[in-house]
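The chain contents come next:
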Amino acid sequence: MLNLVLFGPPGAGKGTQSAKLIEKYQLVHISTGDLFRMHISNDTDLGKRVKQILADGMLVPDSITIDMLEEEVTKNPDAKGFIFDGFPRTVAQAEALDAYLEKNGQTINGVVQLEVNEDEIKSRIAERQKVSGRADDDADKLLKRIDEYFSKTVHVLPYYETQGKVSKVNGIGNIEEIFSNICTAIDAL
């Protein structure tokens, strides 16, 4: 089983690259952001709880995120592996994910960090906002999300670096070239 964490700031291309990785490696994509948006659009109890948190550009509490993620993994017992996108965002989440996977005889095989500078992120999300209309992409909320990433989420990387699992990939450039570099990193696992 191949379990990957796709890591990078908002707008780094995680969704774009995940779609290509799913096809190539037949993995199940678990995006916490997509799950939150699905729960919100279906007006579930969870959706009601996280709607305001996300709209304010803040992180959803670990307990809610972890429960939701475990539910998604359980729904896919025959998966060849998973791509975790947007998770973990804290060291506590990384530890909880490791504990959950270990309990099920699995592990995170690798972490692919898409490196993208802040100017590129802002440009990409401005373009995405024109098309998607996502509430979390508006200017004020975007700045909060970028700040959350660089002040909190980025601190998860050392957790995986000490395990020798992080591969850094330049996330700026041609989509196919970035994908090829990601595949090289994954195939080296």
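Structure first, text after, so check above.
Rules used in this analysis
- Residues numbered from 1 in each chain as written.
- Predicted model: local features only at pLDDT ≥ 70, side-chain atom pairs only at ≥ 80, totals over all residues.
- Heavy atoms only, no water.
- Helix = DSSP H or I, 4+ residues; strand = E, 2+ residues; numbered from the N terminus.
- Rg over C-alpha atoms; globule rule 2.2 N^0.38 Å.
- Areas by Shrake-Rupley, 256 points an atom, 1.4 Å probe, with all protein chains shown as cover.
- Contact = heavy atoms within 4.5 Å.
- Pairing = 2+ DSSP bridges.
- Axes fitted to C-alpha atoms, helices over the stretch in contact; angles between N-to-C directions.
- Expected span 1.5 Å × (residues − 1).
- Parallel < 35°, antiparallel > 145°, perpendicular 65-115°, else oblique.
- Nonpolar A, V, L, I, M, F, W, Y, C, P; charged D, E, K, R; others polar.

J.: Explain the overall build of the chain to me, using residue names and the numbers behind them.
T.: For the chain, the count of helices and strands is nine helices and five strands. Secondary structure elements of the chain occur, N-terminal to C-terminal, as β-α-β-α-α-α-β-α-β-α-α-α-β-α. For a compact globule of 189 residues, the expected C-alpha radius of gyration is about 16 Å, and the chain comes in at 16 Å, within 12% of that figure. A principal-axis box enclosing the C-alpha atoms of the chain has dimensions of 40 × 40 × 30 Å. Accessible surface, the chain: about 9,400 Å² in total, of which carbon and sulfur atoms supply 50%.

J.: How would you summarise the environment of Gly 11 if you had to cite specific residues and measurements?
T.: Note on placement: Gly 11 falls in the loop between strand S1 (2–7) and helix H1 (14–25). As for Gly 11 and Arg 49, which are separated by 38 residues in sequence, their C-alpha atoms are 24 Å apart. Sequence-distant contacts of Gly 11, defined by excluding residues within four places in its chain, comprise Arg 124, Ile 125 and Arg 128.

J.: Account for the sheet that holds strand S3 (residues 81–85), with residues named and values stated.
T.: Spatially, the five strands line up as an open sheet ordered S2-S3-S1-S4-S5, and their pairing is parallel. Edge positions in the sheet fall to strand S2 (28–31) and strand S5 (166–170), since each of these pairs with one other strand and no more. The mean inter-strand angle of the sheet, taken between neighbouring strand axes irrespective of direction, is 20°. In the sheet, S1 pairs with strand S4 (residues 110–115) via four bridges, with the strands oriented parallel.

J.: Please provide a residue-by-residue account of H1, values included.
T.: With 12 residues, H1 extends 16 Å from end C-alpha to end C-alpha; this agrees with the ideal 16 Å at 1.5 Å per step. Buried-residue contacts for H1 involve S1, S2, S3, S4 and helix H9 (175–187).

J.: Now, about the side chain of Thr 65: what can you tell me, with residues and values included?
T.: Residue position: Thr 65 is located in helix H4 (residues 62–74). Aside from chain neighbours lying at most four places away, what touches Thr 65 is Thr 32, Phe 36, Val 60, Phe 87 and Gln 93.

J.: Describe the packing of helix H2 (residues 32–41) against H4, naming the residues involved and giving the relevant values.
T.: For any two helices packed against each other, the geometry comes down to the angle between their axes and how far apart the axes lie. Running from N to C, H2 and H4 point in directions that differ by 95°, and their axes come no closer than 11 Å. Taken as axis vectors, H2 and H4 run roughly perpendicular relative to one another. In this structure, H2 contributes Thr 32, Leu 35, Phe 36 and His 39 to the contact, and H4 contributes Thr 65, Met 68, Leu 69 and Glu 72. Looking at the contact of H2 with H4, its residues break down into four nonpolar, three polar and one charged.

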